Amino acid sequence: MHNATPAKLYPFWQLMLINIRPFFRDRAVLLWTFGLPILIALLLIQAFSGGSHMTPVNVVVMHEAKVDAAWLKAMRQDPLVSVTSLNQPESEALEQTFIDANAEQPIEHPSDLLRTLQSQLRPQVYLTPNSMFSTHNSDETLKARNYLMHLKAAAQDQEVHSSVISIKGYRYTDWLIPGIIVLQILGLALVSVANSLVSDRQNGFFKRMRLSPFKRRDYIIGIVLARLFLLVFQMIILFVAFNLLFNYSLQGSIINIVAVMTLGSFCICMLGVLVGARSQRVEVSSGISNLLYFPLMFLSGIYFDTANFPDLLREIVSYLPTTAFLDALRLVANEGADLASVAKQLYILAATSIVFFIIVYLCFDWGDEKA
């Protein structure tokens, strides 16, 4: 009776060690596991968090006599602004074209004047006495319009002084790092788990298990727990590295963060088990894993905000496990949200995990099937 509990735990422990030891023995695996996410974070933060310099602004002025004189003078004197004025007939024709245009439907037959302006000047802004028109919806155009409004305020002695402030949890760095974390979990829990299962199946490990005291469920539980252990170890190292390199710190409760990461990691691990459930060759499991990996990476908002997606697509991707995982992690880690605030995401992860488990239980190939 005294040895009953150790006997039950022994298979899980041994099967966990089988999957954990190779990770620490291979230096290349350690390099890619810890070096790659830090390198990606360095490159992206360097590329996007510093902002961009103001580019020259091309302005086409219609009805020049009716435009505020002080503003027009300030634009002409500013070295970053290039002003092109149109005569009265050109102004009236072009303004009517813009008034009749619809933002949802492009101008199908632009006039020769509009074609010439677009090809030669590439203006960011067309200016009338009462309106601004832009032919591109981009950050560059938005900056140009804001810059012109800044000049107008200065010319009318109403200049608004602006500056950039930094708030922990809301910087680009803070937004990006949870995405890098989820990306690493996706790679380790999806691709690695699936390939490990198929490799063991190809090497006859499952058939040898039938001659051992191990039960089949011990293997699945062991490999999932091993990946969870490796993920915990990896996340601790990465969070320490991100804190030292980027001054990143967790804003929420450690318990809430651990709960979200545990449930999210388990869900993705079960997805990896599902991929490897029936695959007979590593090439097949790798192909399926990549087929899932890249859409999940791009649609989950790891590198860019899903708020820019169309409403229908945004609603669909919100039910992806990686999207729910990442949204919940960003809220609890960066904004200090409690678990009640991310209940929807946790329900999605829990329900998806249960569905994956049921499918795995029903269709997993242990090598008993005859070829």
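Residues numbered from 1 in each chain as written. Predicted model: local features only at pLDDT ≥ 70, side-chain atom pairs only at ≥ 80, totals over all residues. Heavy atoms only, no water.

1. Examining the overall build of the chain
A tally of regular secondary structure across the chain gives 14 helices and four strands. Buried positions account for 41% of the 371 residues belonging to the chain. (Helix = DSSP H or I, 4+ residues; strand = E, 2+ residues; numbered from the N terminus. Buried < 20%, exposed > 50% of the residue type's maximum accessible area, 1.4 Å probe, protein only.)

2. Topic: the sheet that holds strand 4 (residues 132-133)
Across the sheet, four strands lie side by side as 2-1-3-4; this open sheet has mixed pairing. Two strands lie at the open edges of the sheet, namely strand 2 (81-85) and strand 4, each paired on one side alone. (Pairing = 2+ DSSP bridges.)

3. Let's talk about unusual backbone geometry
Phi at His63 is positive, roughly 55°, even though this residue is not glycine. Of note, His63 is situated in the loop between strand 1 (57-61) and helix 3 (69-77).

4. Some points on the confidence of the model for the chain
In this model, the chain carries an average pLDDT of 80, and 82% of its residues clear a pLDDT of 70 or more. By mean pLDDT, helix 1 (residues 4-25) is the weakest element of the chain at 59, and helix 13 (residues 321-334) is the strongest at 92. With pLDDT under 50 throughout, residues 1-7 is counted as low confidence; its partners more than four residues away or in other chains account for zero contacts. (pLDDT = per-residue confidence, 0-100. Contact = heavy atoms within 4.5 Å.)

5. A few points about the pattern of salt bridges
Within this structure, the stated rule accounts for three salt bridges. Taking the shortest distance from any N to any O, the salt bridge between Asp311 and Arg314 comes out at 2.7 Å. Separated by three residues within a single helix, Asp311 and Arg314 lie in helix 12 (residues 311-317), roughly one turn from each other. Take Asp311: its relative accessible area is 57%, and that puts it in the exposed class. (Salt bridge = Lys/Arg side-chain N within 4 Å of Asp/Glu carboxyl O.)

6. With respect to helix 14 (residues 343-363)
Side chains three or four residues apart in an α-helix point the same way, a direct result of the helix having 3.6 residues per turn. With 21 residues, helix 14 should cover 30 Å at 1.5 Å per step; its first-to-last C-alpha distance of 30 Å lies within 8% of that length. On its buried face, helix 14 is in contact with helix 10 (254-276) and helix 13. (Expected span 1.5 Å × (residues − 1).)

7. Considering the packing of helix 3 against helix 6 (residues 139-155)
One can describe the packing of helix 3 onto helix 6 by two numbers: an axis separation of 8 Å at closest approach and a directional angle of 120°. Taken together, the axes of helix 3 and helix 6 lie oblique to each other. As for how helix 3 packs across helix 6, the hand of that crossing is right-handed. Residue-level contacts link Ala70, Trp71, Ala74 and Met75 of helix 3 to Leu148, Leu151, Lys152 and Ala155 of helix 6. (Axes fitted to C-alpha atoms, helices over the stretch in contact; angles between N-to-C directions. Parallel < 35°, antiparallel > 145°, perpendicular 65-115°, else oblique. Left-handed = near helix turned anticlockwise from the far one by under 90°.)

8. Observations regarding the side chain of Ser300
Here Ser300 shows up in the loop between helix 11 (282-299) and helix 12. Looking at Ser300, the relative accessible area reads 1%, which means it is buried. Within polar-contact distance, the side chain of Ser300 engages the backbone oxygen of Leu296 at 2.5 Å. A distance of 3.5 Å separates a polar atom in the side chain of Ser300 from a polar atom in the side chain of Thr323. Apart from the residues within four sequence positions on either side, Ser300 is in contact with Thr306, Thr322, Thr323 and Leu326. (Polar contact = N/O pair within 3.5 Å; in protein donor to acceptor, adjacent residues only side chain to side chain.)

9. Brief notes about a nonpolar patch on the surface
Taken together, the side chains of Leu42, Val232, Ile236, Val240, Leu244 and Leu245 present a nonpolar region at the surface, about 580 Å² in accessible area. Residue placement: Leu42 occurs in helix 2 (residues 27-48). (Patch = residues over 30% accessible without salt bridge, like charges linked within 9 Å, V, L, I, M, F, W, Y side chains within 5 Å. Areas by Shrake-Rupley, 256 points an atom, 1.4 Å probe, with all protein chains shown as cover.)

10. Here's the deal with the side chain of Asn256
Assignment of secondary structure puts Asn256 in helix 10. Sequence-distant contacts of Asn256, that is, excluding residues within four places in its chain, are made with Val332, Ala337, Asp338 and Leu339.

11. Some remarks on the packing of helix 13 against helix 14
Across the interface, helix 13 lies against helix 14 with an axial gap of 9 Å and an inter-helix angle of 145°. Viewed along their axes, helix 13 and helix 14 form a crossing whose handedness is left-handed. Note on element contacts: helix 14 touches helix 13 through Gln345, Ile348, Leu349 and Thr352, opposite Pro321, Ala324, Phe325, Asp327 and Ala328. Of the residues belonging to the contact of helix 13 with helix 14, the class tally is six nonpolar, two polar and one charged. (Nonpolar A, V, L, I, M, F, W, Y, C, P; charged D, E, K, R; others polar.)

12. Side note on helix 13
In a regular helix each residue adds 1.5 Å, so 14 residues correspond to 20 Å; helix 13 covers 19 Å between its end C-alpha atoms and thus fits that length. A large share of helix 13 lies buried, amounting to 12 of its 14 residues. Of all the positions in helix 13, only Pro321, Thr322, Thr323, Ala324, Phe325, Leu326, Ala328, Leu329, Arg330, Val332, Ala333 and Asn334 are classed as buried. Considering only its buried residues, helix 13 is in contact with helix 7 (172-202), helix 10, helix 11, helix 12 and helix 14.

13. Structural notes on the packing of aromatic side chains
Applying the stated criterion to the full structure yields four aromatic pairs. The lysine or arginine in question, Lys344, covers the ring of Tyr319, its NZ or CZ lying 5.2 Å from the ring centre. (Phe/Tyr/Trp six-rings, centres within 6.5 Å; stacked < 30°, edge-to-face > 60°. Lys NZ or Arg CZ within 6 Å of the ring centre and 35° of its normal.)

14. Some thoughts on the environment of Gln280
Mapped onto the elements of the fold, Gln280 is located in the loop between helix 10 and helix 11. At 3.2 Å, the side chain of Gln280 and the backbone oxygen of Arg278 are in polar contact.

15. Notes on the nonpolar core
Core analysis: the biggest nonpolar cluster contains 65 residues, and Ile181, Ile185, Leu197, Tyr219, Phe242, Met261 and Phe364 have the highest contact counts within it. When contributions to this core are tallied by element, the ones reaching two or more residues are helix 2, helix 7, helix 8 (205-209), helix 9 (216-246), helix 10, helix 11, helix 13 and helix 14. Looking at this core, the element that brings in the most residues is helix 7, giving 14 residues. In this structure, Ile181 is in contact with Met235, Leu238, Phe239, Phe242, Met261 and Leu329, ignoring residues within four places of it in sequence. The next biggest cluster of nonpolar side chains, apart from the first, holds 16 residues, and it includes Val59, Val83, Leu127 and Tyr147. (Core = buried A, V, L, I, M, F, W, Y, C linked by side-chain atoms within 4.5 Å.)

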